[in-house]
Amino acid sequence: MSRIGKRPVELPAGVTASVSGQTVEVKGPKGAHTFNATDDVTITLEDNVITVKPRGKSKRALQQWGMSRTMVANMVTGVTTGFKKELELTGVGYRAQIQGNTLKLSLGYSHDVNFEVPEGVTITCPKQTEVMIEGDDVQLVGQVAAKIRGWREPEPYKGKGIKYKSEYVFRKEGKKK
């Protein structure tokens, strides 16, 4: 039994949803999203509550049950409040600034890294060492944050690099003399 799949998804005020076959469409103040579920689950909408049930007891049906419910819940959260990831730049001379639709990163390389901001995501730099990524699609926000972090992942000896704001970098002791 999927503990995640059993929970119904309630629609808050201002959000409308429609289910036609295996397609779920959610509209809210921040936009609209659609999701096509596999044939292994049944999705129903009753009284502003979306429920997902598996068809059968196969392993694939049980896997799709929890995943489909999470996808629907993420769509509802995305069109109401949205998602946000915060990154911190740690290191001498490491800084970020936004210029138009390009995020310009100085990360200790011989050149600046220019990152084109994709559609559906907004990037702001409240400080030179902070990058805030916001959007209504959790997958896209996470992917953009991971791409930016991938330019300089945090290293354990000096702690330099790009890390998530809530991330803890385990520090190692250096070479002993």
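Going by the structure above, here's the rest.
Conventions used here
Residues numbered from 1 in each chain as written. Predicted model: local features only at pLDDT ≥ 70, side-chain atom pairs only at ≥ 80, totals over all residues. Heavy atoms only, no water. Core = buried A, V, L, I, M, F, W, Y, C linked by side-chain atoms within 4.5 Å. Buried < 20%, exposed > 50% of the residue type's maximum accessible area, 1.4 Å probe, protein only. Helix = DSSP H or I, 4+ residues; strand = E, 2+ residues; numbered from the N terminus. Contact = heavy atoms within 4.5 Å. Phe/Tyr/Trp six-rings, centres within 6.5 Å; stacked < 30°, edge-to-face > 60°. Lys NZ or Arg CZ within 6 Å of the ring centre and 35° of its normal. Pairing = 2+ DSSP bridges. Axes fitted to C-alpha atoms, helices over the stretch in contact; angles between N-to-C directions. Expected span 1.5 Å × (residues − 1).

Caption draft 1: Structural context of the nonpolar core. Core analysis: the biggest nonpolar cluster contains 20 residues, and Leu89, Leu103, Leu105, Ile123, Val131, Ile133 and Ile148 have the highest contact counts within it. Residue assignment for this core shows that the elements contributing at least two residues are strand E7 (83-90), strand E9 (102-106), strand E10 (113-116), strand E11 (121-124), strand E12 (130-135) and helix H3 (138-149). For this core, the element with the most residues is H3, which contributes four residues. Leucine 89 has contacts with Tyr94, Arg95, Ala96, Leu105, Leu107, Thr129, Val131, Gly161 and Ile162, leaving out every residue within four places of it along the chain. Within the second largest apolar cluster, 18 residues are counted, among which are Leu11, Ala37, Ile43 and Ala73.

Caption draft 2: Representation of the packing of aromatic side chains within the structure. For the coordinates displayed, the defined rule picks out zero aromatic pairs. Positioned over the ring face of tyrosine 164 is lysine 85, at 5.3 Å from the centre of the ring. Between the NZ or CZ atom of arginine 152 and the centre of the ring of tyrosine 109, over which it lies, the distance is 4.3 Å.

Caption draft 3: Looking closely at the sheet that holds E10. Read across the sheet, three strands follow the order E8-E9-E10 without closing on themselves; strand pairing throughout is antiparallel. Bordering the open sheet on either side are strand E8 (95-99) and E10, each of which pairs with just one other strand. Strand-to-strand twist in this sheet, taken as the mean axis angle between neighbours without regard to direction, amounts to 25 degrees. For E8 and E9, the ladder comprises five bridges, and the chain directions are antiparallel. The residue of E9 that forms the bridge with arginine 95 is serine 106.

Caption draft 4: Spotlight on helix H2 (residues 59-80). Between its terminal C-alpha atoms H2 stretches 33 Å, which fits the 32 Å expected from 22 residues at 1.5 Å a residue. Ala61, Gln64, Trp65, Gly66, Ser68, Arg69, Val72, Ala73, Met75, Val76, Gly78 and Val79 are the residues of H2 that are buried. Following H2 by one or two positions, glycine 82 has its phi on the positive side, about 85 degrees.

Caption draft 5: Inspection of the pairing of E11 at higher detail. Alternating residues of E11 divide into Val121 and Ile123, all buried, and Thr122 and Thr124, none buried. Linking E11 back to E12 in an antiparallel pair, the connection comprises five residues.

These results come straight from atomic positions and should not be treated as a statement about function.
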